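Here's the letter readout for the chains.
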Amino acid sequence: MVLRREPTARQMRLGLELRRLREAAGLSAVQAAGLLGVNRVHISQIESGVTGMSEERLRRLASHYACTDEEFIDALVAMATDRTRGWWEEYRGLLPTSFLDLSELEYHARFLRHVAILYVPGLLQTEQYSRAVFSSRLPELTSEEIELRIQHRKARQAIVVPYEAVIHEAALRIRVSDRATARTQLDRLLELSEADHITVRVIPFDLDGFASASSTMTYVGGPLPKLDTVVRDALHGAAFIDSEAQLNTYRTGFRKVEAASLDPEQSRAFIHRLAKEL
């Protein structure tokens with residue numbers, strides 16, 4: 001099988017889950033290789049996402065690892081056998097890999113949640129707002145890079161799964177550009193918040209109970225809770241978090257954020273008041 005030069009985050013996640021199953025079974029890579037009739041290097045390549053595997057081999061491995069969670073195995077099989085070449089692939093080699101990995105995660109997501117503190121979430125941004133954000137990046141981006149990022153972000157905005165964004169008042173008030181851009185962005189939020197699958201909540205400055213819920217994050221729901229992913233902004237790209245302990249921490253964090261926010265109707269009224277001030 002041809003080795004992948006650049007496995008995606010989803011492919012690496014599949015390999016990681018297989019490694020977790022092997023380690024839970026108390027088997028070494030050498031032992032697993034013997035059970036499958038391959039060498040240890042091949043097992044390492046599977047677990048690092050460098051090479052794929054067939055459904056038959058994956059189910060054999062799961063059986064050797066004494067995994068009886070059929071729903072989980074089916075989800076892994078779906079990941080292993082997916083041959084989707086998504087729209088984001090046209091940006092490979094043009095944008096950072098983390099941009100493409102995030103797009104792939106969103107494409108396969110069952111639901112999306114976002115907590116925004118300083119900027120309106122990318123999936124809800126207008127083109128003018130996105131342009132202002134990308135134009136302010138350091139080191140500075142070329143005009144070509146800015147256009148690529150804007151087009152990529154616009155393509156990501158075709159949200160079809162349930163999406164909930166909790167946005168702090170700071171993000172709504174900070175003017176990334178001029179007054180007209182700010183007003184247009186608030187109007188866009190009001191428009192999107194009317195969609196059945198999009199929920200927008202606001203945390204005003206004067207609302208109590210925010211101190212324990214002050215972390216920006218994107219929570220991507222997988223086919224099963226154990227296959228969820230949290231995406232955090234990092235210095236060079238994005239960090240993808242998938243350990244069960246950390247996922248539980250972020251689930252708790254989002255519930256706290258939700259509890260510290262206005263309900264959707266109150267949030268729309270709040271955004272409308274801000275728009276009228278401009």
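Below or above, wherever it landed, is the structure these notes cover.

**What about the nonpolar core?**
Consideration 1: Counting residues in each nonpolar core, the largest one holds 31 residues, and the members touching the most others are Leu-124, Tyr-163, Ile-167, Leu-172, Leu-189 and Ile-271.
Consideration 2: Filtering out sequence-adjacent residues up to four positions away, Ile-271 remains in contact with Leu-172, Leu-186, Leu-189, Leu-190, Val-200 and Val-202.
Consideration 3: The next biggest cluster of nonpolar side chains, apart from the first, holds 25 residues, and it includes Leu-14, Leu-61, Leu-76 and Ala-80.

**Notes on the pairing of strand 2 (residues 163–168)**
Consideration 1: With respect to burial, strand 2 is a largely interior element, six of its six residues being buried.
Consideration 2: A two-sided burial pattern is seen for strand 2, the buried positions comprising Tyr-163, Ala-165 and Ile-167 on one face and Glu-164, Val-166 and His-168 on the other.
Consideration 3: By the bridge criterion, five bridges tie strand 1 (residues 111–116) to strand 2 in an arrangement that is parallel. The residue of strand 2 that forms the bridge with Leu-112 is Tyr-163.
Consideration 4: Examined bridge by bridge, strand 2 and strand 3 (residues 198–203) share six bridges and lie parallel to one another. Residue His-168 lies in a different strand from strand 3, and its bridge partner there is Ile-203.

**A word on unusual backbone geometry**
Consideration 1: Between Leu-138 and Pro-139 the backbone carries a cis peptide bond, its omega angle lying at -5°.
Consideration 2: Summarising the element assignment, Pro-139 is placed in the loop between helix 7 (127–135) and helix 8 (143–156).
Consideration 3: In this model, Ala-66 sits at a positive phi of 60°, which is unusual for a non-glycine residue.
Consideration 4: As for its position among the elements, Ala-66 is in the loop between helix 4 (55–64) and helix 5 (70–81).

Definitions and cut-offs
Residues numbered from 1 in each chain as written. Predicted model: local features only at pLDDT ≥ 70, side-chain atom pairs only at ≥ 80, totals over all residues. Heavy atoms only, no water. Core = buried A, V, L, I, M, F, W, Y, C linked by side-chain atoms within 4.5 Å. Buried < 20%, exposed > 50% of the residue type's maximum accessible area, 1.4 Å probe, protein only. Contact = heavy atoms within 4.5 Å. Helix = DSSP H or I, 4+ residues; strand = E, 2+ residues; numbered from the N terminus. Pairing = 2+ DSSP bridges.

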